[in-house]
Amino acid sequence: AQSVTQLDSQVPVFEEAPVELRCNYSSSVSVYLFWYVQYPNQGLQLLLKYLSGSTLVKGINGFEAEFNKSQTSFHLRKPSVHISDTAEYFCAVSESHSSASKIIFGSGTRLSIRP
Amino acid sequence: EAQVTQNPRYLITVTGKKLTVTCSQNMNHEYMSWYRQDPGLGLRQIYYSMNVEVTDKGDVPEGYKVSRKEKRNFPLILESPSPNQTSLYFCASSLGEGQVGPLEAFFGQGTRLTVV
């Protein structure tokens, strides 16, 4: 069975500093991987996704993630964060044979940006 | 505009009083699902539907019902709400098997339910 682990429940960083949010997954088959962002009082929106091909994926708002199959990781990074990046971030996995129809979410990482 | 619409956004109710949270999508998605979000637990799937009249239990189905009479609508029903169902609920839709398009889930804005 597939599962997703987000190792950090909260990550505080200073504005303009780099950040990495960690995500590890387990699955016995090939997967699709996603990062979603949830701003306060809003629903989830897609930040980026990995389906196949290049292991470095670029998303919206300057975020990127790298798929590492040997380490079963899909860490999210941004070289310089802004106050507006304050949000909760969810890593998610879907086994590719199911057309991303059943998505398993991690427990979330709350990113707080300090001025 | 592609969207998933949930109503209501906020709801306070009393224990045992039946309620329905509606969800509608305009993307012709075959797959729809309901999640609840609780602090430290991420999103847990309650029920999902692969297509019209096809529904199945997710990870935390107890105390909930769903129906899928039309492709666009997927209401969540709490027949006898209890305080432990106080949570933030999200409806989501995505392509089904064989459908072509972006392979991610689209979410509604959420429904914050409080059961007293």
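Everything here concerns the structure above.
Residues numbered from 1 in each chain as written. Chains lettered and ligands numbered in written order. Predicted model: local features only at pLDDT ≥ 70, side-chain atom pairs only at ≥ 80, totals over all residues. Heavy atoms only, no water.

1. Overview of the overall build of chain A
When you go through chain A residue by residue, the secondary structure sums to zero helices and twelve strands. In chain A, the succession of α and β elements from N to C terminus is β-β-β-β-β-β-β-β-β-β-β-β. The globule rule puts the C-alpha radius of gyration for 115 residues at 13 Å, and the 14 Å found for chain A is close to it. Seen through its C-alpha atoms, chain A measures out along the principal axes to roughly 45 × 30 × 20 Å. Evaluated residue by residue, chain A yields a buried proportion of 49% over its 115 residues. Of the contacts made within chain A by residues no fewer than 6 positions apart, 57% connect residues no fewer than 24 positions apart. (Helix = DSSP H or I, 4+ residues; strand = E, 2+ residues; numbered from the N terminus. Rg over C-alpha atoms; globule rule 2.2 N^0.38 Å. Buried < 20%, exposed > 50% of the residue type's maximum accessible area, 1.4 Å probe, protein only. Contact = heavy atoms within 4.5 Å.)

2. Examining the layout of surface pockets
By volume, the largest pocket amounts to about 510 Å³. Along the wall of the largest pocket there are 28 residues; nearest its centre are Q38, E88 and R110 of chain A together with Q37 and L88 of chain B. Ranked by residues supplied to the lining of the largest pocket, first place goes to strand 10 (residues 87-95) of chain A with three residues. A breakdown of the residues in the lining of the largest pocket according to their chemical character gives nine nonpolar, 14 polar and five charged. Taken together, 17 residues form the lining of the second largest pocket, with L44 of chain A together with A2, Q3, F107 and Q109 of chain B sitting closest to its centre. Those elements that place two or more of their residues in the lining of the second largest pocket are strand 6 (44-50) of chain A together with strand 1 (4-7) and strand 10 (106-107) of chain B. In terms of residue class, the lining of the second largest pocket is made up of eight nonpolar, seven polar and two charged. (1 Å grid on protein atoms, 1.4 Å probe; cavity = no way out; pocket = protein on both sides within 12 Å on 5 of 7 lines; lining within 4 Å. Points joined across faces, edges and corners; volume = space filled by probe spheres on them. Nonpolar A, V, L, I, M, F, W, Y, C, P; charged D, E, K, R; others polar.)

3. Description of the interface of chain B and chain A
Listed as interface residues are 25 residues of chain B and, on the opposing side, 23 residues of chain A. Three residues stand out in chain B for area buried against chain A, namely L43, L103 and F107 of chain B, and they jointly supply 30% of the buried area on that side. For K49 of chain A, the salt bridge identified is with E104 of chain B, shortest N-O distance 2.7 Å. There are five residue pairs in polar contact (both at pLDDT 80 or more) connecting chain B and chain A. Among the secondary structure elements, those contributing two or more residues to the side of chain B that touches chain A are strand 4 (31-38), strand 5 (42-51) and strand 9 (87-94) of chain B. Broken down by element, the side of chain B that touches chain A gets its largest block of residues, four residues, from strand 5 of chain B. Across the side of chain B that touches chain A, the residue classes tally to twelve nonpolar, nine polar and four charged. (Buried area = accessible area lost by both parts, 1.4 Å probe. Salt bridge = Lys/Arg side-chain N within 4 Å of Asp/Glu carboxyl O. Polar contact = N/O pair within 3.5 Å; in protein donor to acceptor, adjacent residues only side chain to side chain.)

4. A look at the sheet that holds strand 8 (residues 76-78) of chain B
All names here are of chain B. Pairing in this open sheet of four strands is antiparallel, and the strands run 1-3-8-7 from one edge to the other. Single-partner strands in this sheet number two, and they are strand 1 and strand 7 (65-66). One ladder, built from three bridges, connects strand 3 (residues 19-25) with strand 8; its direction is antiparallel. Bridged to L19 within strand 8 is L78. (Pairing = 2+ DSSP bridges.)

5. A word on the state of the cysteines
One pass over the structure, following the stated rule, counts two disulfides over all chains. The disulfide that involves C23 of chain A links it to C91 of chain A, with 1.9 Å between the sulfurs. Measuring the twist about the S-S bond at about -65 degrees, one finds the C23 of chain A-C91 of chain A disulfide to be left-handed. Separated by 68 residues along the polypeptide, C23 of chain A in the loop between strand 3 (19-21) and strand 4 (24-26) and C91 of chain A in strand 10 bring together distant segments of the chain. With relative accessibility at 0%, the residue C91 of chain A sits in the buried group. Sulfur-sulfur distance for the disulfide between C23 of chain B and C91 of chain B comes to 1.8 Å. Measuring the twist about the S-S bond at about -70 degrees, one finds the C23 of chain B-C91 of chain B disulfide to be left-handed. Of this pair, C23 of chain B sits in strand 3 while C91 of chain B is found in strand 9, placing the two residues 68 residues apart along the sequence. In terms of burial, C23 of chain B and C91 of chain B fall into one category: buried. (Disulfide = S-S within 2.5 Å.)

6. Comments concerning the environment of S107 of chain A
Take S107 of chain A: it is sitting in the loop between strand 11 (104-105) and strand 12 (109-114). Counting along the chain gives 13 residues from S107 of chain A to S94 of chain A, while the straight-line C-alpha distance between them is 15 Å. With residues near it in sequence (within four places) discarded, S107 of chain A still touches Q6, E88 and F90 of chain A together with G40, L41 and G42 of chain B.

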